[in-house]
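# Chains, contacts and geometry: an overview
One letter stands for each residue in the lines below.
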Amino acid sequence: MKSKIWIYTLTISGLLLLFSTAYKKVEQKNTVTDYDGNVYHTIKIGTQVWMLENLKTTHYRNGDAIIHAPGDKEWSGIELGAYCNYDNDPENAKIYGRLYNKAAVTDSRNIAPAGWHVPTTAEWKILQDYLGGAKISGGKLKEEGTKHWAFPNKGASNSSGFTAVPGGMRFRNGVFGSLGFVSYMWSAGPKRLDGTDSPWFRLVTSSEQSINHSDYSEATGFSVRLIQDSKK
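It should be emphasised that the depicted structure is a prediction, and the values quoted were computed from it without experimental measurement.

## Section: the overall build of the protein
Tallying secondary structure elements over the protein gives six helices and 13 strands in all. Out of the 232 residues in the protein, the part that is buried amounts to 46%. A separation threshold of at least 6 residues defines the contact pool for the protein, and within that pool the share at least 24 residues apart is 56%. Carbon and sulfur atoms make up 56% of the accessible area of the protein, which totals about 12,100 Å².

Next comes the structure, spelled out in structure tokens:
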């Protein structure tokens, strides 16, 4: 009888170990790591796979360092790719990711880990349309509540799982603004959908449930949210 109990216990332990191993494998497939060792979770929304956190890397894919420009004069005068932390506080990067200028986003050394890229304007539109269009999709992208978003965080349901957070921005003169109120996220490439040249980005705000698009100076610092390369 004791031998049967021992065999039974051993079998259950084996199954639990097998389940645990399988779970860890699945979990590993749903994360991606950048050059600095930052780990990001991912989620599939429609036909696209997105990162769940804003980018934090301080290096390009090949290991070259992205220029850190904390000072106002440094930021306003730089023409190369650069990053900063909001208010130059590294603690903000842990929650909201880092802010990057357009040159960093479009650098040929690639700001994204292998298999990922900064979304194009067309890819942002696919996401927006899948979530019901521009008027309501912002609410489906935003993290719920007011832990990070300012009141009223209108329409925020995060039903997509995207978990957009309001990382704010840095103006070309070095001034920071909009933390807690707006999530600005770069699009790749210099062109709009209509073909005209302009730095293009998406934004969602605490006061609206829509997702909007606009342009700004290439020297402005915005968040970056990556999308997985399409698998052919």
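## Thoughts on the confidence of the model for the protein
Predicted confidence across the protein gives a mean pLDDT of 85, with 81% of residues reaching 70 or more. Low pLDDT, under 50, characterises residues 2-28; the predicted model gives this stretch zero contacts beyond four residues in sequence or across chains.

## As for the nonpolar core
In summary, soluble globular proteins display a tendency toward joint burial of nonpolar side chains. Counting residues in each nonpolar core, the largest one holds 24 residues, and the members touching the most others are Tyr100, Val224 and Leu226. Of all the secondary-structure elements, those providing two or more residues to this core are strand E3 (48-51), helix H4 (102-106), strand E10 (182-186) and strand E11 (200-205). In contact with Val224, not counting residues within four places along its chain, are Asn54, Leu55, Tyr100, Val105, Val118 and Trp186. Trp149, Phe162, Ala164 and Met185 belong to the second-largest nonpolar core, a separate cluster that totals 13 residues.

## Points about the sheet that holds strand E5 (residues 82-84)
If you trace the three strands from one edge of the open sheet to the other, you get E4-E5-E6, paired in mixed fashion. Looking along the sheet, the strands with just one partner apiece sit at the ends: strand E4 (67-68) and strand E6 (99-100). As paired elements, E5 and E6 share two bridges and run antiparallel to each other. Directly across from Cys84, in E6, lies its bridge partner Leu99.

## Quick notes on the side chain of Thr57
Looking at where Thr57 falls in the secondary structure, it is placed in the loop between E3 and E4. The class for Thr57 is buried, based on a relative accessible area of 1%. A polar contact of 2.9 Å, which involves the side chain of Thr57, links it to the backbone oxygen of His59. Apart from the residues within four sequence positions on either side, Thr57 is in contact with Asp34, Asp36, Asn38, Tyr40, Ile66, Arg98, Tyr100 and Ile111.

What counts and how
- Within each chain, residue numbers correspond to sequence positions counted from 1 in written order.
- Only residues with pLDDT of 70 or above have their local features reported here, since the model is predicted, and side-chain atom pairs are shown and tallied only from 80 upward, although totals for entire chains, interfaces and linings are computed over all residues.
- Excluded from the side-chain calculations are hydrogens and water; all other atoms, namely the structure's heavy atoms, are used.
- Helix numbers and strand numbers start at the N terminus; a helix is a DSSP run of H or I with at least 4 residues, a strand a run of E with at least 2.
- Each residue's exposure class comes from its accessible area (1.4 Å probe, protein chains only) as a fraction of the maximum for that residue type: buried when under 20%, exposed when over 50%, partly exposed otherwise.
- Contacts are residue-level and defined by heavy atoms, with any inter-residue pair within 4.5 Å sufficient.
- Only the protein chains shown count as cover for residues, and the accessible areas themselves come from Shrake-Rupley with a 1.4 Å probe.
- Each residue carries a pLDDT value, the predictor's own confidence for that position, ranging from 0 to 100.
- Among the buried residues, those of types Ala, Val, Leu, Ile, Met, Phe, Trp, Tyr and Cys that are joined through side-chain atoms within 4.5 Å form a nonpolar core.
- Paired strands, in this sense, are two strands between which DSSP finds at least two bridges.
- Polar contact criterion, stated in full: a pair of N or O atoms within 3.5 Å, where within protein one must be able to donate a hydrogen and the other to accept it, and residues adjacent in sequence count only if both atoms are side-chain atoms.

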